[in-house]
Amino acid sequence: MKKRVALILVGAFLALTACGKTEQSSATEADKDTKQGASTEADKATERDTKTEAATGEETTAEQTATNSDEPINLVWWVYDEGVPRDLDKVLQKANEISAEKIGVTVEMYFKNEEQFPLDMTAGEYYDMTFACDWCNDFDKNARIGYFYDITDMVQDTAPELYKAVDPWWGIGTLNDRIYGVPMLKDLGAEVFFRLNSDYYEGEKGMTIPENMTFEELEPMLEMWKEDNPDEYPLYMGRNGLGGMSNEHESIVSSYLVIPYSKAGTPEGTKIIPIWEDEDYMNMLRCLHRWYEKGYINPDAATTTEFPYTILAPVRTGTAWTGYKGWSDPETVGFNVKLSRFIGPNISRATEQGALFAINAAAPEENVKACLKYMELLYTDVKFRDLLAYGIEGEHFDYYEGTVIRTKEGADGYLMDNFVTGPSISATVVSASKEVLADPDQWTKVYEGYKTAKQSDTKGFSFNAENSEAEIASMDAIWDSYYNDLVTGTIDPDETMEELKGLMEASGLQSVCDEAQKQLDEYLKTME
């Protein structure tokens, strides 16, 4: 059953909605069924037919349609997520009331996970607009095969403020000089941070945590903690190692054929190499092994599956963006946290395509225009954007010092990833608490930092593994058998990589690398 919730709106219109996920709370299957409503596939088919028959093809805007009709245009919107925020119904009812009044558009939302998107796309299920990205509902692939509407000739006339808001980043949603998607701007570059216990390092030890560090510069801080806490591990970690380390390079084939971001802008910026030839990444692995032998890393790291906040490790890592406060609430973490970046920002088409909204190529033109007007509202109306992002003001969140602070009711009843309902840069930034305030101008500074980011030279290349599946399956199995020990520092990386090199070359590594390089070179010629 599709995840669907029916809403009866005050006044003269009907809007339908569905449900999404939050990491902190999840609904039971019974709860999901209750919220999905009783609509049948026949009901949906009838609604779709009615909308199609109503489309006249005339050059009318969403506002004109609202003026000429008692009913707003109702859009089917596919959203990425899985669970069901408890208060989704009331939030969407309020949102639909606002969008109906402002632009004559309401939305009917269906939340889908990564597996459902390709199944429903292939089945031809109807939608008006959908979430897409590099890692879910593959934007480039679906645009290339014709699933998404070409909005190139429409977007500036229909939604001029939307065009201005996204500019100069339209290339993210462009293929072959045609625009098929609207980027929902958020963090566009990979930045990886040490998350450090500032109560200890700054408050107790009198240090100043810098905004940027090298990986090696962490070692004295680990040593300091170990001397004060000999029975603890300052770099406690689980079997997948430190989050974000692989952002040192762009992965071309699985995790072992890569292009280091350090080579961007040089003749080697398009040369695919085995991971053991990436010296920056290898140096991080060497550090981890040295730290493991010194007792800075828990000895069972390679087999540890959980790493809760109750383990008060003074150093963790994570991928975020400059100014991010999501790890800074001392009530959750156990102490105050400051971030210090050690990777990035590194930008590729994959990192840029974290969130886009695309429109169904089969949608009637009036619905296409309504979609663009809705996206324009998300970009230009902060209060409306905050409503979908955080819930209802005074209930789910409050404004404080130019930022948003979630209430307990909001954390329990309406909590999901910001980017799934619109552009992050258009929403008010979130503070962890009144004592841990975010910078209201955070996104301006993040995007300023992108001016000096390392930009991939691969221009959105994606390897076609169709003729290499057997070799890749064999090499994946080899890589996986060493991975946990390698990334936790448990084993010597130089000795291990020599073993891996022999095994993977015997499984066809060079032929796969040659094929990937050939495809990349041919792809880049088409981009000239």
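About the thresholds
- Residues numbered from 1 in each chain as written.
- Predicted model: local features only at pLDDT ≥ 70, side-chain atom pairs only at ≥ 80, totals over all residues.
- Heavy atoms only, no water.
- Helix = DSSP H or I, 4+ residues; strand = E, 2+ residues; numbered from the N terminus.
- Buried < 20%, exposed > 50% of the residue type's maximum accessible area, 1.4 Å probe, protein only.
- Arc of directions from axis to C-beta.
- Expected span 1.5 Å × (residues − 1).
- Contact = heavy atoms within 4.5 Å.
- Polar contact = N/O pair within 3.5 Å; in protein donor to acceptor, adjacent residues only side chain to side chain.
- Salt bridge = Lys/Arg side-chain N within 4 Å of Asp/Glu carboxyl O.
- Pairing = 2+ DSSP bridges.
- Axes fitted to C-alpha atoms, helices over the stretch in contact; angles between N-to-C directions.
- Phe/Tyr/Trp six-rings, centres within 6.5 Å; stacked < 30°, edge-to-face > 60°.

Enquirer: What should I look at first to understand unusual backbone geometry in this one?
Expert: What you tend to see is this: most non-glycine residues have negative phi, and most peptide bonds are trans. Pro168 follows Asp167 through a cis peptide bond whose omega is 15°. If you trace the backbone, Pro168 turns up in the loop between helix H8 (160-166) and strand E6 (174-175). In this structure, Asn137 takes a positive phi of about 55° despite not being glycine. Overall, the relative accessible area of 6% leaves Asn137 in the buried class.

Enquirer: What is the right way to look at helix H10 (residues 219-228) in this model?
Expert: Along an α-helix, a turn takes 3.6 residues, which lines up residues three or four apart on a common side. Listed as buried for H10 are Glu219, Met221, Leu222, Trp225 and Lys226. One side of H10 holds all its buried residues, which, seen down the axis, span an arc of 165°.

Enquirer: Got a minute to help me understand the environment of Val107 in this structure?
Expert: By the element assignment, Val107 lies in strand E4 (residues 105-112). Considering only alpha carbons, one finds Val107 and Met129, 22 residues apart in sequence, at a separation of 9.8 Å.

Enquirer: Help me understand the environment of Val182 in this model?
Expert: Here Val182 lies in strand E8 (residues 181-183). When the C-alpha positions of Val182 and Ile359 are compared, they lie 8.9 Å apart, and in sequence the two are 177 residues distant.

Enquirer: Help me out: how do you make sense of helix H11 (residues 279-293) in this one?
Expert: The end-to-end C-alpha separation of H11 is 21 Å, in line with the 21 Å expected for 15 residues at 1.5 Å each. Looking at the buried side of H11, the elements it contacts are H10, strand E10 (249-253), strand E14 (337-347), helix H18 (469-487) and helix H19 (493-506). Among the residues of H11, the N-terminal cap falls to Asp278, whose side-chain oxygen and the backbone nitrogen of Asp280 are separated by 3.2 Å. Once H11 ends, the next one or two residues include Gly295, with phi positive near 85°.

Enquirer: I would appreciate a short explanation of the pattern of salt bridges in the present structure.
Expert: All told, the structure shown has 23 salt bridges when counted by the stated rule. As a salt-bridge pair, Lys373 and Glu376 come within 2.6 Å of each other at their nearest N and O atoms. Taken together, the positions of Lys373 and Glu376, both in helix H14 (residues 365-380) and three residues apart, correspond to about one turn of that helix. Grouping residues by exposure puts Lys373 and Glu376 together as buried. Each of Arg86, Asp87 and Glu409 takes part in salt bridges that share partners, so that together they form one network.

Enquirer: Before we go on, may I ask you to explain the sheet that holds strand E11 (residues 257-260) in this structure?
Expert: Pairing between the strands of a sheet comes from backbone hydrogen bonds, and it takes one of two forms, parallel or antiparallel. Read from one edge to the other, the open sheet built from three strands follows the order E10-E11-E12, with strand pairing classed as antiparallel. Each edge of the open sheet is held by one strand with a lone partner, namely E10 and strand E12 (273-274). Across two bridges, the pairing between E11 and E12 is antiparallel. Among the inter-strand pairings, Val258 is bridged to a residue of E12, identified as Ile273. Sheet strands in contact with helix H20 (residues 509-526) are E10, E11 and E12, and its direction is about 50° off that of E11.

Enquirer: Before we go on, may I ask you to explain the packing of aromatic side chains in this structure?
Expert: How two aromatic rings sit relative to each other is given by the distance of their centres and the angle of their planes. Under the criterion given, the structure shown has 30 aromatic pairs. Considering the side-chain rings of Trp77 and Phe357, the 5.5 Å spacing of their centres and the 70° angle between planes classify their relative orientation as edge-to-face. Here Trp77, found in strand E3 (residues 73-80), pairs with Phe357, found in strand E15 (residues 356-359); they are 280 residues apart in sequence, far enough to count as distant. With relative accessibility at 1%, the residue Phe357 sits in the buried group. Here the aromatic rings of Tyr163 and Trp170 are separated by 5.2 Å at their centres, their planes lie at 15°, and the arrangement is stacked. For Tyr163, a relative accessible area of 23% puts it in the partly exposed group. One aromatic cluster is present, built from ring pairs that chain together Trp169, Trp321, Tyr324, Trp327, Trp443, Tyr447 and Tyr450.

Enquirer: In this structure, what is going on with the sheet that holds E3? I would like to understand it.
Expert: With mixed pairing, the five strands of this open sheet are ordered in space as E4-E3-E5-E15-E8. A single partner strand is all that each edge strand has here, and the edge strands are E4 and E8. If you compare each strand with its neighbour and ignore which way they point, the axes differ by 25° on average. By the bridge criterion, four bridges tie strand E5 (residues 129-132) to E15 in an arrangement that is antiparallel. What sits directly across from Phe131, in E15, is Phe357.

Such coordinate-based values are descriptive only and should not be taken to indicate function.
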